[in-house]
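Analysis of the macromolecular model
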Amino acid sequence: AVSKNHCSLTCNIYRHIQFKTGVSGWTLDRMNNIPLFIRVDDVIDLDYRLNRIIDEMMCLQIPVLASVIPSQITSYCAKWLSRKRESFPEMIEIGQHGYRHTNYLRGSLHGEFCRTRNYEKQREDLIAGKNIMDNLEKFCNKHQS
């Protein structure tokens, strides 16, 4: 049986695709014929929304990119992502989304890597985030055995 929440989330995804593409009448059959993945931004902790969107996408067989904020992800969330990726190895990817998600540009929503910060500071943040992600990958791989 399909729950009401499942239908609501699925309809919202179809509406978003319709809005972005200008094409109406999306069905699961039509979606199976187009390349599609869902990017989940700002992953730091496991909550009902993250759990729900990933579970729903796995049911629909739509791949997910979990965009992790490296300096903020909790070990609980990292373990959960590891277990999910173990269950769906071809469907879930984990990617780096910035480093701290700090806004250094006043009056803008996006400013972690912006013109007001010098190149070296930005590079240091990217490397620090990559180091966390590399360790997260090792952690996840270790727990997939």
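Position labels on residues start from 1 in each chain and follow its written sequence. The predicted nature of this model means local features are confined to residues of pLDDT at least 70 and side-chain atom pairs, given and counted, to a pLDDT of 80 or more, with totals for whole chains, interfaces and linings taken over all residues. Only hydrogens and water are set aside when side-chain values are computed; all heavy atoms of the structure are taken into account.

Direction of pairing for strand S1 (residues 38–43) relative to strand S2 (residues 64–68): parallel, over a ladder of four bridges. In the sheet register, Ile38 faces S2, and the bridge partner there is Val64. Strands are treated as partners if at least two bridges between them are detected by DSSP. Starting at the N terminus, helices and strands are each numbered in turn, a helix being any DSSP run of H or I of at least four residues and a strand any DSSP run of E of at least two.

Multiplying one less than the number of residues by 1.5 Å gives the expected span of a helix. Along its 13 residues, helix H3 (residues 48–60) runs 18 Å from first to last C-alpha, staying within 8% of the 18 Å computed at 1.5 Å per residue. Exposure classes here rest on a 1.4 Å probe applied to the protein chains alone. A residue is buried below 20% of its type maximum, exposed above 50%, and partly exposed in between. Looking at H3, one finds that the buried residues are Leu50, Ile53, Ile54, Glu56, Met57, Met58 and Leu60. Downstream of H3 by a residue or two, Gln61 has a phi angle that is positive, lying close to 60°.

Between the first and last C-alpha of helix H4 (residues 75–87) there are 18 Å, a value that for 13 residues agrees with the 18 Å anticipated at 1.5 Å per step. Along H4, the residues classified as buried are Cys77, Ala78, Trp80, Leu81, Ser82, Lys84 and Arg85.

Here S2 pairs with strand S3 (residues 92–96) via five bridges, running parallel. Bridging across to S3, Ala66 finds its partner in Ile94. With the strands pointing away from the viewer, any crossover whose connection runs clockwise from the first strand over the helix to the second is right-handed. Crossover handedness for the path S2 to H4 to S3: right-handed.

For salt bridges, the criterion is a side-chain nitrogen of Lys or Arg within 4 Å of an Asp or Glu carboxyl oxygen. For the coordinates displayed, the defined rule picks out seven salt bridges. The partner of Asp134 in a salt bridge is Lys130, with the nearest N and O atoms 2.9 Å apart. Remark: Lys130 and Asp134 occur in helix H5 (residues 119–142); sequence separation between them is four residues, near one turn of the helix. Several salt bridges converge on common partners, so that one network encompasses Arg100, Arg117 and Asp125.

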